Structure formats: C-alpha cells, structure tokens
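Residues per chain, in single letters:
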Amino acid sequence: MPAFAAGSAALPIIALAVIATLVVPAEVPTAPAIVPTVVTPAIVSAEPFAATAVIAAPIIAPEVLATSAAVIPTEPLTAVIPPGPIAAVVATPIIAPIVTPEVLATSAAVAEATITTLRAGLLVVPATAAGTLMPTVVAVRAVLRFVVRLRHCAPYVAVGEMPGQSTAPARAGENSRPRHLHLNSATTWASSVVTCPSALNWRTCMPRFISGLTALSLASLTALAPSGLLPATAANPDYFTSHAAPGAEVELSVLGSHRTDIFDAGAAEIVAHYAAKQQTLVVNAEAGTVQVLDSADPADPRAVTELTTAGMSSADGAAVPAGAVANSVAVRADGLAAVALEAPTKTDDGWVGFFDLSGDEPKPLGAVRAGALPDSVVFDDDGDHAVIANEGEPAEDYSVDPEGTVSVISLPEAVAAPRQEDVRTADFRAFEGDALPEGVRVFGGREDAGTGTPEYPVSENLEPEYSTVIGGKAYVTLQEANAIAVVDLASATTERLMPLGTQDVSQVPFDVSNKDDGINRANWPVQSFLQPDTIRSIEIGGRDYLLTANEGDTRDWEAYSEEVRVKDLGSETKGLAPICDSVVEGMTNPDGSPMTVEDLQKEENLGRLTITKADGLNAEGSCYETIYGVGGRSFSIFDTDGTQVFDSADDFERITADVLPKNFNSNNSESNFDNRSDDKGPEPEAIEVGQVGEKTYAFIGMERIGGIFVYDITDPAASEYVTYVNNRNFAVQPEDNVAEAGDSGPEGIVFVPSADLTAHDAAAAGEAGNAGMLIVGNEVTGSTTFYAVDSSLVGDDPTEQPTADPTGDPTGAPTNDPTGEPTNGPTAVPTADPTGAPTDDPTGGPSAEPSPTPSDQPGDDDQGRLPRTGAQIGALAGLGALLAAAGAAAVWMARRRSS
C-alpha cells in the first residue's frame, strides 16, 4: 500500500481513537454497572458498513463492564452484530480504550462474559439504548450506502489470533492476513492491520476505501458527539433533577438512600458521620432514637443498630424517661457521641445523652441535664466542648415560657460521659431592659399573651436554635429574634447579641401570592427578617465567616400569634391597625394608575403574604408604616462582627422557577404549585460547608420544594451559584406513597471529605474527581440520602509540589545546572520552549484561571440535567472539522493519484 494512502486511511481511525478517549471515560459510572448475563438476538440486520458497531461501542463500557460481578441486570440486553470487517477497523480504536486488561481483570465473570461476547462478534448494549440509537443507525447506513460500495474493497483487521482459526484468505487473490476480531486473552491486544485485496487495482480501490473510511468516521463522530453531551447520571433516579451554572466545577449525584418509609414524622432529621467505622448517625424523632447506619457502601446503606436513651442514667440521679425526644446528634473522632434530648414536657429541662461508638456495639455512657428543649448539639474543633442550644419554647397556652439558654459542657479526653458539674449555662439576663441591642426582636412573651409578667422577659423571649464554634467562641442563632448570640466557652457567658437586618423586597423580588395563578416574582414595599435556622462557620484566607440559612420563623401559639396576612391589616374584627398611605406612595398598578392601599391588599398582589403584626407600627401606633415579612429566602455570609458580606438574594426562587416551574414553591408534604409563595418560599433550612480542591463550597437545603444548592464561596464577597439538585419525585404525593416520593424536607446536611472515606466506598478516597460525600437527612420522607461530590478540581495529586520555575530540560535526564541561555547547537531531543511566563500549576492540573462567570439567567441544560464541560464539546467540534479537512484532502490526493 502506498505510504500516503496508508497514512490517509489511518487519519479517521486515529481521530476516532482520540474521540473515544475524550468521550467514553466521561461516561463510566462510579457505581457498579450491569453484568451481561443474557444476550438476545440482534436487532440490526447485517450490513457491510456496520456503523452500528461504532455507535454502540462507546455504550459498552458504562452499561456492561462492571466493577462488581454481584449486580443483577436491571434491563434487557441487546446484541448488535458487526458483520463487516470495516466495522472492526473503525470500532477497534473506540473499544480498545474501554476494554483494557485492568477493566477486565476486576471481575472474572465480567471478563469471561465480555470475551465470549467479543469472540462471537457481538457488541452488547441495553435494549433501551439500542432503540434510541436506531434512527442514527439507519441514517448512517443510508449515507454509507450512497458514498461507497465497500464490499468491492474490504479491509480487514487482525486483533490477536483466535486459537483454531485459519488465517487463509477467504477469496482468491486476497492478502494473507488474519480476519477475525477477537480477544486472545484478557491481557493481550494486538495492533490493527488494514489490508486491501491485491487483485484490485489500488488506483481503483483506494479512493473508494478512503472515501468510505472518511464518511464512516464523520458519521461516527455525529453519533458519538451526543454522548459527549450526555450527563453522567447513571446512579440517579429517573425523577432526579439537576441544573448547573456555566463552567460548574462541582457535580452531585445520588449514591444511595436509606428509607424508613415514615411520612412527615421526623424519622430522618439531623445527621452525623463517624469516619472510624464508616457509620452515619440519623436522628429519628418519631422513635425518639438515633439510628446507626452502616454507610461503608453508601450505595447500599443499612441500619445496624439504634442509640436508645430511654432509661439511661442521668448524672443528677434521675433517668431519661421514655418519651424523651431526640433532636440532634454529634460524634467526636474517637467515637464519643452526644444526643440532645427534649423532655416529654418540652418546657422542662432536657438532657444530653452520651454513647461510646468505638466498640463492636454502641455503649450508653450516661446523661447530664441541660436547659429546656435542647434543640442542637455541636462539638468544637478539638472536641473539648459540646455546645447545646436550649430553645426554651413556651407552652401552647403560655402558662410557661422557659428561658432560652446555651449549655457549655466540658468533655473528658477519654470516651466517657461528663459529670453534671462539667455543665455550665450561658443565659441572656445581661441583656434585659435597655441593654438589649437595637434590632434584636423581643415580643410576644407571657405579658403579650396575658399569662403573667416575667422577671426576665428578654431571657424568656430569646430562643437559641443552632450553634457553630470558632476557636473559643460559639455563635448561636436566635431565629425568631433575628439575631446571633456570641458565647464565650471558657466563661460560659453571652458576650454579644448581633442583629441581622432584613431582606429588602423592594430590591430583591419575591413571589408573594399563591392566588395569582402563576410565577410572579416582583418587588414590593416589604422588609423581610432573615431569621436564620442552621449556622456554619469556615475560615477562608485567614478570616472567619458565618454562614446562615435564612429560613424564617414566627411565634404562632394558641395564646399568642404574631402571624397575619397583609390583607388583614386594618381589620376591626381582628383589631389590627391599617397600612399607612405612605407605604404605597409612588407605586402604580399594571395599567399605570396610582396604587392604593386597597389595591396593594388584593390577593393577587401583596394581600396573601404572611407577615408579623409585632413590628412596623408608626410612633403613634395608628398604622403600619413598614410591612415586615418573615424569612430571607436566601443564605448569607457574615463576618464575626455581624457584618453581612454576601447574600444570595432571589437566587433560590429564580432558579427553582426556571428548573421546576410546575412545582415552583411547592410544599414539602404535598406536590403542588405556588403553595408556599405567600409564606416563606422555598425556606432554606440546612447549610453545610466543605473544601473541594483549593476552593470552598456551601451546600444549602430547601425545606419546602426540596433539593440542595451549591455555591462557590472561595471569595465570600463574590460567592457564585454552581449547581442545584433535587431528588424528589413530584409525580408522587408523599402522603400517598412515601416509599416512591424520593426526598422531601431536607433538615440536616453533612459534608464528608474524601479523606474520611475508606477505599471500598462508592465515593472512594483517592478516586480521581471525587471530593467527598454529602449526607442529607430528609424529615418529611424519612430518608437519608448519600451524594457523591465530584469535581474537576480534584484528582491524582502531583508527586511533588509545583515550583514557580520550570525545569530547563523537561525531556530526558535533568541537567545539573540548567541555564536560561540557549545551547550552541540543537540537542538530540528537541525541547519545547515554554511561551510566556511559567505557571505555578503542574501540567494537567486545574487551571488557575477563574471559572466563567455564571449568567444571570440559568438555562435549561437538558431539562435541568448537568451539562458536559465546554472543553469536551469544543474538542469534538474541532475533531469534526479536522476529520472533514483530512478526509477531503486524502480523497483529493487519492483521486489525483488514480487519474
């Protein structure tokens, strides 16, 4: 064969090999795939062109080549026959990067099945995938039939040598070459050899041959390109929804879930991860216990035991009674676990129970008394203290309203229960009267309810919700008061109260009505209190920051409720003052006419919004000069002085309106549309932070519509939206079929870095691209779901830290004293001189350039699925152009030779 012809013929093959390397590995799932156990008859008729092999080949890896032989097939498999040798020529470079000895060696059963399949001349794909590909298959076959009759010039490929097979030519005059595509062993692949019948004149054969290969390559590229755009969602349920900003560098995918199938009873709330035994602790408020899951394989988490507190001895001489409610759990690295326990009568003092998880079975260690309604427990970074937020909610009739407090418990170094004297209490009595900072809401206590005059009204009114610890300080959210308390752990005293301010709805649009028959995000004359629930802390660039999920909450009890709707203001029967005319000054109706107070209070406008009656009256108390709503519908970042450095504003409503328009602002207990717009919208409830490569990310859970938002907070003041996922099945009503409802009501989130995962995890430590795992407890569906956190920011670490200066001679042996001066003559091996200034990053590592700025309006991204990166799409497009140019040049040259 002329050298130019051989080289021209190889161009499409080489290009396809590159395409396969780019496209196929991106689709290989981390979870075990499907073992091919049944092969049904072929659905594709024999064709000499057999482009089906090229199209099907990339699918074989993720669907057939499994990492475990224990998985049972979940769908029928279909065999596609590549009867024409040309299919082998083109398919081999695509298959080769997939069916490697390392892949086959992972499972003897899979290897044997794959070898048998290949020897039979079959490529195995799922029936569903084959059906999807049929239109492309038909189109490719039609194109090839028109372009060239390859049966007159059939090349062959030799891949090893099948035992017992003759290599004699099949037709007189053919070159003597092996003609079989097969696997000699699981560890041997030979090079492809392209031949052409010697009986035919090369001048006649080669133009047809090259034209056919070029056309087939281009058609294959067309078939392969969509696979480069498909999201890697093999482990996700069909109803899984995801959306990403352009250039997103983090992706979440479901690894597995543990389900209690208990509806709306808090059967899975706060979660904690015990790395030493790869266990996940899940608060089950329904049972009043903490469930212990074996999550070493998060694809199949299993309940192994429970932490039962009823009857546990207490350090004050009593015992934890039956009926105590578990509200929160935390675990230290050595296995000391703490459980916050609410008394059967919530206004009584509660407990913190301690367990030793380090042995074969959990061992109860004892309990200590805490304040009224212990709602959360966290440890400091060193495990020296446990901080308990004692919420101190009132009784429904306000007969009792206990003081809110923070318990600071000094923990022993050993895995043992603390003594009662190790428990100290930080209260709020220092802030009574005029000492209360402006902006900290105190209202609706026993005096407003008419049930008494408290001695410490501020202390009774403040209700600690959640804590985080930075050094020797605890930062505690006071949700209803819209503030954060700063508690010194050494002295167990409250040092400061920091008010948090409001979301200005005149600048940040909210959808405020569930009676307007649509998504109507707009600006209104409302200030909405942030009122955070969960709080987390992180150090970035040497500075400490606080992150809050601004859920919103009200005092809404039988004896006193602050909740009213805007349309109720001015109601004489309800004893409410009207809205001041100044509120609507300058506002207009859609028709351009001036808006009146009556217009404002219409249900399709602001009338349905739930607000507070406790704030906003003018000095005379005659009318509401400011309308105050509840909940920021956002997450915020503050410094430790309480200054806000970032707020996500309307992102949550804006993005969910785009991604889930049919279930926008749905409730969590019922799949519906626009149900929560008049209340607190999506209600951000849970928040977590985690390190991914060199960047820091926040994960925020939406209590109502559900799902997890991810933000890049590496530069806190310029934090950016990255992705949103939702594992909820909106086609199912949770109350009717909680087992099929997916996840609803995320209450607690924990980020587990890959270093805390063992090698046999589905999200394995050290696995390229895996940054860790996210664990989410879902209160309404009673489910605990494990997500893989994958990112292009992590991978194989370089053997050495990158240096600022490149080596003088990157090829061959390093020189002892490289200089910046050029040598007098050329070196034996030419070096590639770097252009521009050297970079600090190792070759192939993450770029130091910032990711593209997300657009203001997120796109559909394949109906909400995660998109592929632009690099892959660009590479495919470039290769397409290269193939077209190379093919055209090769055909032109061949025809000139033949003329």
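Keep in mind that what you see is a predicted model, and the values were worked out from it rather than measured.

Procedures and definitions
- Residues numbered from 1 in each chain as written.
- Predicted model: local features only at pLDDT ≥ 70, side-chain atom pairs only at ≥ 80, totals over all residues.
- Heavy atoms only, no water.
- Helix = DSSP H or I, 4+ residues; strand = E, 2+ residues; numbered from the N terminus.
- Buried < 20%, exposed > 50% of the residue type's maximum accessible area, 1.4 Å probe, protein only.
- Contact = heavy atoms within 4.5 Å.
- Areas by Shrake-Rupley, 256 points an atom, 1.4 Å probe, with all protein chains shown as cover.
- Phe/Tyr/Trp six-rings, centres within 6.5 Å; stacked < 30°, edge-to-face > 60°.
- Lys NZ or Arg CZ within 6 Å of the ring centre and 35° of its normal.
- Pairing = 2+ DSSP bridges.
- Disulfide = S-S within 2.5 Å.
- Core = buried A, V, L, I, M, F, W, Y, C linked by side-chain atoms within 4.5 Å.
- pLDDT = per-residue confidence, 0-100.
- Axes fitted to C-alpha atoms, helices over the stretch in contact; angles between N-to-C directions.
- Salt bridge = Lys/Arg side-chain N within 4 Å of Asp/Glu carboxyl O.
- Patch = residues over 30% accessible without salt bridge, like charges linked within 9 Å, V, L, I, M, F, W, Y side chains within 5 Å.
- Lys, Arg positive; Asp, Glu negative; His and termini not counted.
- Charge placed at Lys NZ, Arg CZ, Asp CG, Glu CD.
- Polar contact = N/O pair within 3.5 Å; in protein donor to acceptor, adjacent residues only side chain to side chain.

1. A word on the overall build of the protein
Consideration 1: The secondary structure content of the protein amounts to 14 helices and 38 strands.
Consideration 2: When the 899 residues of the protein are sorted by exposure, 53% land in the buried category.
Consideration 3: Partitioning the contacts of the protein with sequence separation of at least 6, the portion at a separation of at least 24 is 64%.
Consideration 4: Entry remark: accessible area of the protein is about 37100 Å², with carbon and sulfur atoms responsible for 51%.

2. Some thoughts on the packing of aromatic side chains
Consideration 1: The full count for this structure, using the stated rule, is 11 aromatic pairs.
Consideration 2: Where Phe635 meets Tyr711, the ring centres are 5.0 Å apart and the plane angle is 65 degrees; that geometry is what we call edge-to-face. With Phe635 in strand β30 (residues 634–639) and Tyr711 in strand β34 (residues 708–712), the pair connects residues that are 76 residues apart, well separated along the chain. Comparing Phe635 with Tyr711 shows no difference in burial state: the two are buried.
Consideration 3: One aromatic cluster is present, built from ring pairs that chain together Phe635, Phe646, Phe652, Phe709, Tyr711, Tyr721 and Tyr724.
Consideration 4: In this arrangement the basic side chain of Arg429 is found over the ring face of Tyr456, its NZ or CZ atom lying 4.1 Å from the centre.
Consideration 5: Lying across the ring of Phe443, Arg555 places its NZ or CZ 4.7 Å from the centre.

3. Topic: the pairing of strand β5 (residues 271–274)
Consideration 1: A two-sided burial pattern is seen for β5, the buried positions comprising Val271 and His273 on one face and Ala272 and Tyr274 on the other.
Consideration 2: By the bridge criterion, 4 bridges tie β5 to strand β6 (residues 279–284) in an arrangement that is antiparallel. Bridge pairing links Val271 to Val282 in β6.
Consideration 3: Taken together, β5 and the strand that follows it, β6, pair antiparallel across an intervening segment of 4 residues, in which Gln278 is found at a positive phi of about 50 degrees.

4. Quick look at the state of the cysteines
Consideration 1: Taken as a whole and assessed by the stated rule, the structure comprises 1 disulfide.
Consideration 2: Note on cysteine connectivity: Cys580 is disulfide-linked to Cys623, with sulfurs 1.8 Å apart. On the sign convention where negative is left-handed, the bridge of Cys580 and Cys623, at about 95 degrees about the S-S bond, is right-handed. Remark: Cys623 occurs in the loop between β28 (610–612) and β29 (627–630) and Cys580 occurs in the loop between β27 (563–565) and α10 (597–600); sequence separation between them is 43 residues.
Consideration 3: With relative accessibility at 7%, the residue Cys580 sits in the buried group.
Consideration 4: Here Cys623 falls in the buried class, since its relative accessible area comes to 13%.

5. Notes on the nonpolar core
Consideration 1: In this structure, Phe428, Leu462, Tyr475, Leu478, Leu497 and Leu546 are the most contacted members of the largest nonpolar core, which totals 33 residues.
Consideration 2: For this core, the secondary structure elements donating two or more residues are β14 (385–390), β15 (405–410), β17 (464–470), β18 (473–478), β19 (483–488) and β20 (493–499).
Consideration 3: Here the element with the most residues in this core is β19; it accounts for 5 residues.
Consideration 4: Among the nonpolar cores identified, the runner-up in size contains 25 residues, and Ala245, Ile538, Ile700 and Met702 belong to it.

6. As for the confidence of the model for the protein
For residues with low pLDDT, the predicted coordinates do not support detailed interpretation.
Consideration 1: Considering every residue of the protein, the mean pLDDT works out to 75; 61% of them sit at 70 or more.
Consideration 2: Within the model, the stretch residues 1–202 combines pLDDT values under 50 with 334 contacts to residues more than four positions away or in other chains.

7. Quick word on the sheet that holds strand β38 (residues 783–791)
Consideration 1: The sheet built from 4 strands is open, its strands ordered β4-β38-β37-β36 with antiparallel pairing. Strands at the two margins of the open sheet, each flanked by one partner only, are β4 (250–259) and β36 (746–753). The mean inter-strand angle of the sheet, taken between neighbouring strand axes irrespective of direction, is 20 degrees.
Consideration 2: As defined by bridge partners, β36 adjoins strand β37 (residues 770–778) across 7 bridges and the pair is classed as antiparallel. Counted as the bridge partner of Phe751 is Leu774 from β37.

8. So, the pattern of salt bridges
Consideration 1: Tallied over the full model, the rule gives 31 salt bridges.
Consideration 2: We note a salt bridge from Asp261 to Arg259, for which the minimum N-O separation is 3.9 Å.
Consideration 3: On the basis of relative accessibility, which here comes to 41%, the residue Asp261 falls in the partly exposed class.
Consideration 4: Among the ionic pairs, Lys473 bridges to Asp488, the shortest N-O distance being 3.1 Å.

9. A look at a negative patch on the surface
Consideration 1: Residues Glu396, Asp397, Asp556, Glu558 and Glu563 make up a contiguous surface patch of negative charge.
Consideration 2: Relative to the helices and strands, Glu558 is located in the loop between β26 (543–550) and β27.

10. Quick look at the sheet that holds strand β7 (residues 289–294)
Consideration 1: What the 4 strands build is an open sheet, ordered β5-β6-β7-β8; its pairing is antiparallel. Lying at the two open borders of the sheet, with one neighbouring strand each, are β5 and β8 (302–307). Neighbour-to-neighbour, the strand axes of the sheet open up by a mean angle of 30 degrees, direction not taken into account.

11. Regarding the environment of Val290
Consideration 1: Here Val290 lies in strand β7.
Consideration 2: Classification of Val290 as buried rests on a relative accessible area of 1%.
Consideration 3: Measuring from C-alpha to C-alpha, the distance between Val290 and Thr309 comes to 8.8 Å, with 19 residues separating the pair along the chain.
Consideration 4: Among residues more than four places away in sequence, those in contact with Val290 are Leu281, Val282, Val283, Asn284, Thr305, Glu306, Leu307, Ala326, Val329 and Val339.

12. Thoughts on the pairing of strand β3 (residues 241–244)
Consideration 1: Burial along β3 is two-sided: the face carrying Thr241 and His243 and the face carrying Ser242 and Ala244 are both buried.
Consideration 2: Bridging between β3 and strand β35 (residues 720–726) involves 4 bridges; their strand directions are antiparallel. Bridge pairing in β35 places His243 opposite Tyr724.

13. What to know about the environment of Ile535
Consideration 1: In this fold, Ile535 is placed in strand β25 (residues 535–540).
Consideration 2: Sequence separation of Ile535 and Leu547 is 12 residues, and the distance between their C-alpha atoms is 5.5 Å.

14. Some thoughts on helix α12 (residues 651–659)
Consideration 1: In terms of residue burial, α12 counts as a mostly covered element, since 8 of its 9 residues are buried.
Consideration 2: Within α12, burial applies to Asp651, Phe652, Glu653, Arg654, Ile655, Thr656, Ala657 and Val659.

15. Details of the environment of Pro362
Consideration 1: If you trace the backbone, Pro362 turns up in the loop between β11 (349–356) and β12 (363–372).
Consideration 2: In this structure Pro362 comes out as partly exposed when scored by relative accessible area, which is 24%.
Consideration 3: With 27 residues separating them in the primary sequence, Pro362 and Gly335 have C-alpha atoms 9.2 Å apart.
Consideration 4: Apart from residues no more than four positions distant in its own chain, Pro362 is found in contact with Thr305, Leu307, Asp356 and Leu357.

16. Focus: the side chain of Thr785
Consideration 1: Here Thr785 is to be found in strand β38.
Consideration 2: Overall, Thr785 belongs to the buried group, its relative accessible area being 0%.
Consideration 3: A distance of 2.6 Å separates a polar atom in the side chain of Thr785 from a polar atom in the side chain of Asp743.
Consideration 4: Contacts of Thr785, omitting those with residues within four sequence positions, involve Val254, Gly256, Ser257, Asn727, Asp743, Leu774, Ile775, Val776 and Asn778.

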